[in-house]
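Reading the structure
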Amino acid sequence: MIRVLTIFFLFFGIILGCAIEKPQNLGEVEADRPASVQSIVMKKAYLVLNALSKQEMDKVSRHVHPQKGVLLSPFGTVDKNRAQVLMPSQVKELFQVPNQKQLEWGTDDVKGDPIRLTPQAYFEKYVYDVEFTETELVTYDGIYKETNRVNNIDEALPNSHYVEFFVPGSEEHGGMDWKSLKLVFSEHNNDHYLIGIVHDQWSP
């Protein structure tokens, strides 16, 4: 009888042990979960922005789309016919002395004149002209503030995602001296690459 009971409890214990699932380690669960597109693009945007703030174009070039390059637009309404598109190798060497000749980057939307500047001058006026790294007004696939310009990124750069860094204007100028920088990314070979640097600011 004792032997029968021993076998019974042994069998019951085995069944109970199989029924109780070992709890998963939460760290392992998080590690196995794929990152969202938003988190990937946001991380890339901050990496690019940090490199732009230090004019580390070699680092920026590593994030540029290897086939499409990166389009640079001085204003929020992208004009693909007038904007410059630079390939990774051109971005890497953007500030080298032999490249400091004037290029046409678009049209001044106030005067209507072509924007002709050296790469260095364009960068300082239409890329990183304020401390975008210090702003807390950061938007994913949207804009912080409606302006008098048409935001046509979805049409000009389709199948993309972008992050806007918005710096509000000062009280001294009635908020009119706001600035915006949008970094646009597109998927390629299971990664996301920079295809647009879209600057914007107030204009009458």
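Our subject is the structure that appears above.
**A few points about the nonpolar core**
Counting residues in each nonpolar core, the largest one holds 35 residues, and the members touching the most others are Leu52, Leu183 and Leu194. Contributions of two or more residues to this core are made by helix H3 (37–53), helix H4 (57–61), strand S1 (70–73), strand S4 (114–117), helix H6 (119–126), strand S6 (160–167), strand S7 (179–188) and strand S8 (191–201). When residues in this core are grouped by element, the largest group, seven residues, is from H3. Among residues more than four places away in sequence, those in contact with Leu183 are Ala45, Val48, Leu49, Leu52, His161, Tyr162, Val163, Phe165, Leu194, Gly196 and Ile197. Counting ten residues, the second largest nonpolar core, distinct from the first, contains Leu71, Tyr162, Ile195 and Val198.

**Remarks on unusual backbone geometry**
As a rule of thumb, non-glycine residues mostly have phi less than zero, and peptide bonds are mostly trans rather than cis. Even without a glycine there, the phi angle at Gln55 is positive, about 55°. Among the secondary structure elements, Gln55 is positioned in the loop between H3 and H4. Under the relative-accessibility criterion, Gln55 is labelled partly exposed at 33%. For Asn189, which is not glycine, the phi dihedral falls at a positive 50°.

**Describing the packing of aromatic side chains**
Here the structure, examined in full by the defined rule, presents eight aromatic pairs. Ring geometry for Tyr128 and Phe132: centres 5.7 Å apart, planes at 75°, overall edge-to-face. Judged on exposure class, the residue Tyr128 and its partner Phe132 are both buried. Here the aromatic rings of Tyr144 and Phe166 are separated by 4.9 Å at their centres, their planes lie at 40°, and the arrangement is tilted. Of this pair, Tyr144 sits in the loop between strand S5 (137–140) and helix H7 (153–156) while Phe166 sits in strand S6, and the two are 22 residues apart along the sequence. By relative accessible area, which is 45% here, Tyr144 ends up partly exposed. Ring pairing ties together the aromatic residues Phe75, Trp105, Tyr122 and Tyr126, which thus form one cluster. Directly above the ring of Tyr193 sits Lys44, whose terminal nitrogen or CZ lies 5.7 Å from the centroid.

**Considering the sheet that holds S8**
Pairing between sheet strands relies on hydrogen bonds along the backbone, with the strands arranged either parallel or antiparallel. Spatial ordering of the open sheet is given by S2-S1-S8-S7-S6-S5, a layout of six strands whose pairing is mixed. Two strands lie at the open edges of the sheet, namely strand S2 (84–86) and S5, each paired on one side alone. Averaged over neighbouring strand pairs, the angle between their axes works out to 20° when direction is ignored. Helix-sheet contacts for H3 involve S5, S6, S7 and S8, and the interaxial angle to S7 is about 125°.

**Considering the layout of surface pockets**
The computed volume of the largest pocket comes to approximately 180 Å³. Lining the largest pocket, in full, are Gln84, Val85, Leu86, Ser89, Gln90, Glu93, Leu94, Asn99, Lys101, Leu103 and Pro119. Breaking the lining of the largest pocket down by element, the ones donating at least two residues are S2 and helix H5 (88–92). Among the elements that line the lining of the largest pocket, the one with the most residues is S2, at three residues.

**A look at empty space enclosed by the protein**
Under the definition given, this model contains one cavity of 30 Å³ or more. Taken together, Leu52, Met57, Val60, Val70, Leu72, Leu86, Val91, Leu94, Phe123, Leu194 and Ile197 make up the lining of the largest cavity. When contributions to the lining of the largest cavity are tallied by element, the ones reaching two or more residues are H4, S1 and S8. Here the lining of the largest cavity is composed, by residue class, of eleven nonpolar, no polar and no charged.

What counts and what doesn't
Residues numbered from 1 in each chain as written. Predicted model: local features only at pLDDT ≥ 70, side-chain atom pairs only at ≥ 80, totals over all residues. Heavy atoms only, no water. Core = buried A, V, L, I, M, F, W, Y, C linked by side-chain atoms within 4.5 Å. Buried < 20%, exposed > 50% of the residue type's maximum accessible area, 1.4 Å probe, protein only. Helix = DSSP H or I, 4+ residues; strand = E, 2+ residues; numbered from the N terminus. Contact = heavy atoms within 4.5 Å. Phe/Tyr/Trp six-rings, centres within 6.5 Å; stacked < 30°, edge-to-face > 60°. Lys NZ or Arg CZ within 6 Å of the ring centre and 35° of its normal. Pairing = 2+ DSSP bridges. Axes fitted to C-alpha atoms, helices over the stretch in contact; angles between N-to-C directions. 1 Å grid on protein atoms, 1.4 Å probe; cavity = no way out; pocket = protein on both sides within 12 Å on 5 of 7 lines; lining within 4 Å. Points joined across faces, edges and corners; volume = space filled by probe spheres on them. Nonpolar A, V, L, I, M, F, W, Y, C, P; charged D, E, K, R; others polar.

Shape is all these values report; function is a separate question.
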